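Notes for the structure review
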Amino acid sequence: HNTLKHILKLVREEYLSASKTEEGECQPESLHKLIINRENSDYGKNVTDLRERVFEIIEELLLEFEVACEEISKQAIEHIHANEIIMTIGHSRTVEKFLKFAAKNRKFQVIVAESAPSYSGHKLAANLAGSKISTTVITDDAIFAMMARVNKVIIGTSAILADGGLNAISGSRTVAMAAKHYSVPLIVLGAVYKLTPKFIPTGDQLASSQLSSPDPVLRDLEGKTKGKISCVNPLLEFVPSNLVTLFISNLSGYSPSYVYRQMAELYHRDDRQLEDS
């Protein structure tokens, strides 16, 4: 959905550019005139090569998606230094590649919270250990105790929201709050296509959560208690922007307060509230 909205923004810009070229308007325009033209355009003019231009836009975006993870990884050296202790949670392919890239030139330690009940952190720890990175797995309830030794926290995300908050793997908020308490920087890795112009309703954080079966948590307790226990097992949870120090995308790093600017560059305001079909 985010990609569709971004394509619509690029198509609008390409249409205006192509229309201007066909009219032979080569003189530079003022900023005021450019804004007026964008606002007043009804997009009803026939542009001969617009289809070809749109295909080129889509091809460029597909290429950007393919290399996004690698582009994020290339920035690892700027943020991970020798002998640091890094904490993360669960398994993220972007975080894994980021740490492995840094390990080519730096020696550091990684603490991985296991992210129960999925225990996806075990997979990340095994992959990092296979690349000869010093890795320690901890239970989720040990996050706060271990945070005092950590230099920075690096996590992945499913989506970056319009207010700078994020949807990340369950347990990320615990990590973020512990990092805030100990003044440990929290770095979030997320390509630009994960930016979404949506907000989470206040007091309805489960609205952003992808719920999973509670069976891995309850096991046989539900039968023993005859259904008297109610359990929610979210795969994702909301992390507010005030707990985030820095976002790193495939283009650059930016602070949560700069998200609004990123949204303006990616999405046209008329396309931000498209209804889900």
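Computed from a predicted model, the values in this text were never measured in an experiment.

Right, let's talk about helix 6 (residues 120–130) for a bit. Ser-120, Gly-121, Leu-124, Ala-125 and Leu-128 are the residues of helix 6 that are buried. Viewed end-on, helix 6 has its buried residues packed into an arc of 140 degrees, placing them on one side of the element. Opposite the buried face of helix 6, by more than 90 degrees, sit the exposed residues Lys-123 and Gly-130. On its buried side, helix 6 packs onto strand 1 (85–89), helix 5 (93–103), strand 2 (109–113), strand 3 (134–138) and strand 6 (166–169). Within two residues after helix 6, Lys-132 carries a phi angle of roughly 65 degrees, on the positive side.

Another point: the packing of helix 5 against helix 6. Two measures define how a pair of helices packs: the angle their axes make with one another and the distance between the axes. Helix 6 packs onto helix 5 with a crossing angle of 20 degrees between their chain directions and a minimal axis gap of 11 Å. Of the possible angle classes, the one that applies to helix 5 and helix 6 is roughly parallel. Judged by the twist between their axes, the crossing of helix 5 over helix 6 is right-handed. Within the contact between the two elements, helix 5 uses Glu-96, Leu-99 and Lys-100 and helix 6 uses Leu-124, Asn-127 and Leu-128. The residue inventory of the contact of helix 5 with helix 6, partitioned by class, reads three nonpolar, one polar and two charged.

Taken in spatial order, the seven strands make up an open sheet running 3-2-1-4-7-11-12, and their pairing is mixed. Lying at the two open borders of the sheet, with one neighbouring strand each, are strand 3 and strand 12 (253–254). Across the sheet, helix 5 lies against strand 1, strand 2, strand 4 (152–156), strand 7 (186–189) and strand 11 (246–248), angled at about 135 degrees from strand 4, the strand it touches most.

Strand order in this open sheet of three strands is 5-6-10, and the pairing throughout is antiparallel. Either end of the sheet is taken by a strand with one partner, and the two such strands are strand 5 (159–160) and strand 10 (236–239). In this sheet, strand 6 lies alongside strand 5 in antiparallel orientation, the contact comprising two bridges. The residue of strand 6 that forms the bridge with Ala-159 is Asn-167.

For the rest of this paragraph, the subject is the pattern of salt bridges. Opposite charge on two side chains lets them pair, provided their charged atoms get close. In total, this model carries five salt bridges according to the counting rule given. A salt bridge links Glu-70 to Lys-97, with the shortest nitrogen-to-oxygen separation between them at 3.2 Å. Of the two residues, Glu-70 is situated in helix 3 (residues 50–73) and Lys-97 in helix 5; the sequence distance between them amounts to 27 residues. Overall, Glu-70 belongs to the partly exposed group, its relative accessible area being 35%. The salt bridge involving Glu-265 is made with Arg-261; its shortest N-O contact spans 3.5 Å.

For the pair helix 3 and helix 5, the least separation of the axes is 8 Å and the interaxial angle reads 45 degrees. When the interaxial angle is binned, helix 3 and helix 5 end up oblique. Judged by the twist between their axes, the crossing of helix 3 over helix 5 is right-handed. On the side of helix 3, the interface is formed by Cys-69, Glu-70, Ile-72 and Ser-73, while helix 5 contributes Arg-93, Thr-94, Lys-97, Phe-98 and Phe-101.

This part covers a negative patch on the surface. A contiguous patch of negative charge on the surface is contributed by Glu-52, Glu-56, Glu-59 and Glu-60. Within the fold, Glu-52 resides in helix 3. Its relative accessible area of 43% is what places Glu-52 among the partly exposed residues.

What follows covers a nonpolar patch on the surface. Together, Phe-55, Ile-58 and Leu-62 make up an exposed nonpolar region whose accessible area comes to about 260 Å². Counting through the fold element by element, Leu-62 comes out in helix 3. A relative accessible area of 47% places Leu-62 in the partly exposed class.

Summed over the entire model, instances satisfying the criterion amount to four aromatic pairs. Ring plane angle 50 degrees and centroid distance 5.2 Å describe the contact between Phe-144 and Tyr-182, whose orientation is recorded as tilted. You can see Phe-144 sitting in helix 7 (residues 143–147) and its partner Tyr-182 sitting in the loop between helix 8 (172–181) and strand 7, a full 38 residues away along the chain. Ring geometry for Phe-247 versus Tyr-254: centroids 5.5 Å apart, planes at 25 degrees, classification stacked. The two residues Phe-247 and Tyr-254 agree in class, both being buried. Linked through ring pairs, Phe-247, Tyr-254 and Tyr-258 together constitute an aromatic cluster.

Each value, and the rule that gives it
Residues numbered from 1 in each chain as written. Predicted model: local features only at pLDDT ≥ 70, side-chain atom pairs only at ≥ 80, totals over all residues. Heavy atoms only, no water. Buried < 20%, exposed > 50% of the residue type's maximum accessible area, 1.4 Å probe, protein only. Helix = DSSP H or I, 4+ residues; strand = E, 2+ residues; numbered from the N terminus. Arc of directions from axis to C-beta. Contact = heavy atoms within 4.5 Å. Axes fitted to C-alpha atoms, helices over the stretch in contact; angles between N-to-C directions. Parallel < 35°, antiparallel > 145°, perpendicular 65-115°, else oblique. Left-handed = near helix turned anticlockwise from the far one by under 90°. Nonpolar A, V, L, I, M, F, W, Y, C, P; charged D, E, K, R; others polar. Pairing = 2+ DSSP bridges. Salt bridge = Lys/Arg side-chain N within 4 Å of Asp/Glu carboxyl O. Patch = residues over 30% accessible without salt bridge, like charges linked within 9 Å, V, L, I, M, F, W, Y side chains within 5 Å. Areas by Shrake-Rupley, 256 points an atom, 1.4 Å probe, with all protein chains shown as cover. Lys, Arg positive; Asp, Glu negative; His and termini not counted. Charge placed at Lys NZ, Arg CZ, Asp CG, Glu CD. Phe/Tyr/Trp six-rings, centres within 6.5 Å; stacked < 30°, edge-to-face > 60°.

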